[in-house]
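Structural characterization, general
Chain by chain, the residues:
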Amino acid sequence: MALWCITTKTPVIYRGEAIPLPESRSLPARLRRAVDRAILTRFDSVLYSCTRNRAFFESRGVRREQLGLVPCAVDNDFYREEYAEWRPRRAEVRAEVGVGTDDVVATFVGRLLDIKRVHEIPEIARRLRDAKPKRAVHFFVIGDGPERQRIEQRIAECDVADCVHMLGYVSQPDLGRWLAASDVGLILSSQDNSPKALNEMMNFGMALIATEVAGAAFDGVGEGVDGPDVPVGGGGAGGSPVG
């Protein structure tokens, strides 16, 4: 389709969410980059969603005048209204799952896929519990998907069912109550170019922990302000990203 548009001089506006990642030096990979460059530079306009997305297109030779910003945002007004409604009731929501008022809650929101690395949370919870912090740490896992059984198995193996709460799928109208009851937002993905959960969590004043490959984290997470960017797998076997 792209080649047809180019050959027929049909105007093309292209949008993609790729971000710069370590690239292979293999011949197939170099050929792919050459093809990307040959096609992308011929488009009339290329739309990007975040700074790192723009950097990818620039690495493929797309000129600044071709680029246009189209942020991937959520309904910020809706979530801010939810925050105002539920923040005063966070103790009530926490009590539903046995979480104390002074406890720390770290929350994941999204589809339970392997690339989201939610299976690391039980091990993180176990290490934090063994460290005996001054304030108990709980985890809300909001979402469903093919990794659910694996995560539940890891919860059992790590014996952390009392602090890792599998809340399942939560629809948008009910999501605000759980985010308002949370303190920290988690993006642990090994690949996640534009996680919308990051934007949702920011509306609730949560500290944010995101892996370095989460594309939108470069714009949304300020080191020392909103929270840290951490290496992929940073919570699986080494140090915990929480605490």
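In what follows, the structure referred to is the one given above.
So, how was this worked out
- Residues numbered from 1 in each chain as written.
- Predicted model: local features only at pLDDT ≥ 70, side-chain atom pairs only at ≥ 80, totals over all residues.
- Heavy atoms only, no water.
- Axes fitted to C-alpha atoms, helices over the stretch in contact; angles between N-to-C directions.
- Helix = DSSP H or I, 4+ residues; strand = E, 2+ residues; numbered from the N terminus.
- Parallel < 35°, antiparallel > 145°, perpendicular 65-115°, else oblique.
- Left-handed = near helix turned anticlockwise from the far one by under 90°.
- Contact = heavy atoms within 4.5 Å.
- Nonpolar A, V, L, I, M, F, W, Y, C, P; charged D, E, K, R; others polar.
- Salt bridge = Lys/Arg side-chain N within 4 Å of Asp/Glu carboxyl O.
- Buried < 20%, exposed > 50% of the residue type's maximum accessible area, 1.4 Å probe, protein only.
- Polar contact = N/O pair within 3.5 Å; in protein donor to acceptor, adjacent residues only side chain to side chain.
- Phe/Tyr/Trp six-rings, centres within 6.5 Å; stacked < 30°, edge-to-face > 60°.
- Lys NZ or Arg CZ within 6 Å of the ring centre and 35° of its normal.

Some words on the packing of helix 6 (residues 121-130) against helix 7 (residues 148-158)
Packing of helix 6 against helix 7 brings their axes to within 9 Å, and their N-to-C directions diverge by 20°. Compared by their axis directions, helix 6 and helix 7 come out roughly parallel. Classified by chirality, the crossing of helix 7 by helix 6 is right-handed. Across the interface between the two elements, P122, E123, R126 and R129 from helix 6 touch I151, R154, I155 and C158 from helix 7. Here the contact of helix 6 with helix 7 is composed, by residue class, of four nonpolar, no polar and four charged.

Let's talk about the pattern of salt bridges
A complete count under the given rule lists 21 salt bridges for this structure. E92 is the salt-bridge partner of R89, the closest N and O atoms lying 3.1 Å from each other. For R89, a relative accessible area of 32% gives the class partly exposed. Linking E147 and R150 is a salt bridge whose minimum nitrogen-to-oxygen distance equals 2.9 Å. With a relative accessible area of 37%, R150 lands in the partly exposed category. Through salt bridges with shared partners, a single ionic network connects E123, R126, R127, R129, D130, R154 and E157.

What to know about the side chain of T211
Note that T211 resides in strand 8 (residues 207-211). With relative accessibility at 2%, the residue T211 sits in the buried group. Polar contacts involving the side chain of T211 include one to the main-chain carbonyl oxygen of S189, which spans 2.7 Å.

Observations regarding the environment of F108
Mapping F108 onto the fold places it in strand 4 (residues 104-109). A relative accessible area of 2% means that F108 is categorised as buried. Along the backbone, F108 and F139 are 31 residues apart, and their C-alpha atoms lie at a distance of 7.8 Å. Beyond its immediate chain neighbours, meaning those up to four positions away, F108 contacts K116, V118, I121, F140, V141, I142, L186 and M201.

A look at the environment of E147
The topology assignment puts E147 in the loop between strand 5 (137-142) and helix 7. Taking the C-alpha atoms as reference points, E147 and R111, separated by 36 residues in sequence, lie 8.8 Å from one another. Not counting residues up to four positions away in its chain, the partners in contact with E147 are L112, L113, D114 and H119.

Things to note about the packing of aromatic side chains
Applying the stated criterion across every chain yields a total of seven aromatic pairs. For the ring pair Y14 and F57, a centre distance of 6.1 Å and an interplane angle of 85° mean the geometry is edge-to-face. Taken as a pair, Y14 in strand 1 (residues 13-15) and F57 in helix 3 (residues 51-59) lie far apart in primary sequence, 43 residues in all. You can call F57 buried: its relative accessible area is 1%. An aromatic cluster is defined as three or more aromatic residues linked by ring pairs; in this entry it consists of Y14, F43, F56 and F57. Sitting over the ring of W86, R177 keeps its end group 5.1 Å from the ring centre.

Purely geometric numbers; function is a separate question.
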